[in-house]
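Examination of the molecular architecture
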Amino acid sequence: MKSTLSKYFMWSLVWIHVCLQFSVAIAAAVFTDNSVDHEGASSNPMLHQHVKRFSGLYTGPYFDTSIATNITAQLGTHAFLPCKVKQLGNKSVSWIRRRDAHILAVDRYTFIADERFQAFHVESTDTWTLQIKYVQGRDAGMYECQISTEPKMSHFITLNVVVPKIEIMGETDIYVKTGSTVNLKCVITQSLEEPAYIFWYHDNERVLNYDKTQKEIKVERVDKDTTIGTLIIYSGRREDSGNYTCAPSNLDSASVLLHVLNGEHPAAMQRGKNSAAPCSWSHLSAGLVLFACCSTPRAALATLLALGVAGHFLGWAGT
């Protein structure tokens, strides 16, 4: 009887030990799984991505379409085309010029000989930017931001190039009398950015603003896209005559011719010395009277009648 109880007691102890070991094993497995979910995800990014993919939280790269798709830049300035990509992962971002399908850049690497083009990505942001320096008119058009997924994902941005207009107000030939004050106004319109400077040239020599009693230069921004540069010449002299050119920074120039006269009439100067003077009524009438005096009475009468008709006609034409 004692031996039977001893065997039963031993088997009970063995069974309890087995149960305890099994319980410990199950608890360890549960703890390890929780550690992977909470700690392993932050310490192992690849595992974290795998968990996100499996759970449906990671959907792959996509474009943020809230950013502008129409960019306007002024001729000669720098243009910045943004492309915002979310959840890029290990994919690449390329920039392609649509008009000739030329690959401009892949990630940060440039694939065009034109050094004006450059792609860059600011760390900790989702924005990939294509920079075009010193924009030219031919740069206008559509650009494609492409993600290297299969199939490819594309986002399009249009670049508009604004070309400012420049002109000097008034005629291309300006006539003034000696001692007059001359105001040359150079008007620049459709200019998104104010010119850094406006230089004036007189016969290819720069006009300086040192002596304001003789010449003065002013620059004024009168509207969001309009700038006026003014050259004032006080007490104009004959030596002030010549070509005047307005030359803003990064823009074309405009020119006029200034004529400072010593009392002569501009029309006489334009005709020149060899041009014939118009036939006046006094000359015509004197010739007809002389002809009448030296002719027969019948011819004289006809001449006088013709003289009266001509005088009436010229008087009517003059009115």
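See the structure above.
Let me sum up the structure you'll find in this document. (Residues numbered from 1 in each chain as written. Predicted model: local features only at pLDDT ≥ 70, side-chain atom pairs only at ≥ 80, totals over all residues. Heavy atoms only, no water.)

As a further point, take the overall build of the chain. In terms of helices and strands, the chain carries five helices and 19 strands. Looking at the 319 residues of the chain, the share that counts as buried comes to 29%. Within the chain, counting contacts between residues at least 6 apart in sequence, those at least 24 apart form 59% of the total. Roughly 21,200 Å² of accessible area belongs to the chain as shown, and the carbon and sulfur atoms make up 59% of that amount. (Helix = DSSP H or I, 4+ residues; strand = E, 2+ residues; numbered from the N terminus. Buried < 20%, exposed > 50% of the residue type's maximum accessible area, 1.4 Å probe, protein only. Contact = heavy atoms within 4.5 Å. Areas by Shrake-Rupley, 256 points an atom, 1.4 Å probe, with all protein chains shown as cover.)

As a further point, take the state of the cysteines. Enumeration over the complete set of coordinates arrives at two disulfides. What pairs with C83 in a disulfide is C145, and their sulfur atoms sit 2.0 Å apart. Looking along the S-S bond of the C83-C145 disulfide, the torsion reads about -85°, which is the left-handed sense. Placement of the pair is C83 in strand 3 (residues 79–86) and C145 in strand 9 (residues 141–147), with a sequence separation of 62 residues. Like C83, the residue C145 is buried in the burial classification. One disulfide in the model links C186 with C246; its S-S distance is 2.0 Å. Sign of the S-S torsion, about -80° for the bond between C186 and C246, identifies this disulfide as left-handed. Highlighted residues: C186 in strand 13 (residues 182–189) and C246 in strand 18 (residues 242–248), separated in sequence by 60 residues. Taken individually, C186 and C246 each receive the classification buried, so the pair is uniform in this respect. Taken in sequence order, the bonded cysteines of the chain link in the pattern 1-2, 3-4. (Disulfide = S-S within 2.5 Å.)

The topology assignment puts E171 in the loop between strand 11 (165–168) and strand 12 (173–177). When its relative accessible area of 59% is taken as the criterion, E171 is described as exposed. Taking C-alpha positions, E171 is 8.8 Å from L257, a pair spaced 86 residues apart along the chain.

Let us now look at the nonpolar core. Judged by nonpolar contacts, the single largest core of 25 residues is most densely connected at L81, V85, W95, L130, I132, Y143 and L159. Among the secondary structure elements, those contributing two or more residues to this core are strand 2 (70–74), strand 3, strand 4 (93–97), strand 5 (102–106), strand 7 (117–121), strand 8 (127–132), strand 9 and strand 10 (153–162). Here L81 is in contact with W95, W128, T129, L130, Y143, I157 and L159, once residues within four sequence places are set aside. Ranked by size, the runner-up nonpolar core spans 20 residues in total, among them I166, V182, W200 and V207. (Core = buried A, V, L, I, M, F, W, Y, C linked by side-chain atoms within 4.5 Å.)

Ordered by their spatial adjacency, six strands build an open sheet running 2-10-9-4-5-6, and the pairing between neighbours is mixed. Looking along the sheet, the strands with just one partner apiece sit at the ends: strand 2 and strand 6 (109–110). Bridge analysis of strand 4 against strand 5 gives four bridges, and the strand direction is antiparallel. Opposite I96, over in strand 5, you have I103 as the bridge partner. (Pairing = 2+ DSSP bridges.)

Another point: the packing of aromatic side chains. Considering all chains together, one arrives at one aromatic pair under this definition. The residue whose ring lies beneath R206 is F199, and the NZ or CZ to ring-centre distance is 3.7 Å. (Phe/Tyr/Trp six-rings, centres within 6.5 Å; stacked < 30°, edge-to-face > 60°. Lys NZ or Arg CZ within 6 Å of the ring centre and 35° of its normal.)

Once that is clear, we can look at the side chain of T77. Secondary-structure assignment places T77 in the loop between strand 2 and strand 3. Overall, T77 belongs to the buried group, its relative accessible area being 10%. Only 2.6 Å separates the side chain of T77 from the backbone oxygen of Q74, close enough to count as a polar contact. Not counting chain neighbours up to four residues away, the residues in contact with T77 comprise I132, K133, Y134, V135 and E193. (Polar contact = N/O pair within 3.5 Å; in protein donor to acceptor, adjacent residues only side chain to side chain.)

Right, let's get into unusual backbone geometry. Here the residue pair E150 and P151 is connected by a cis peptide bond, since its omega of 0° sits within 30 degrees of zero. Turning to its location among the elements, P151 is positioned in the loop between strand 9 and strand 10. The phi torsion at D107 lies on the positive side, around 55°, for a residue other than glycine. Inspection of the secondary structure puts D107 in the loop between strand 5 and strand 6. Its identity is not glycine, yet S235 carries a phi of approximately 50°, on the positive side. Within the secondary structure, S235 sits in the loop between strand 17 (226–233) and strand 18.

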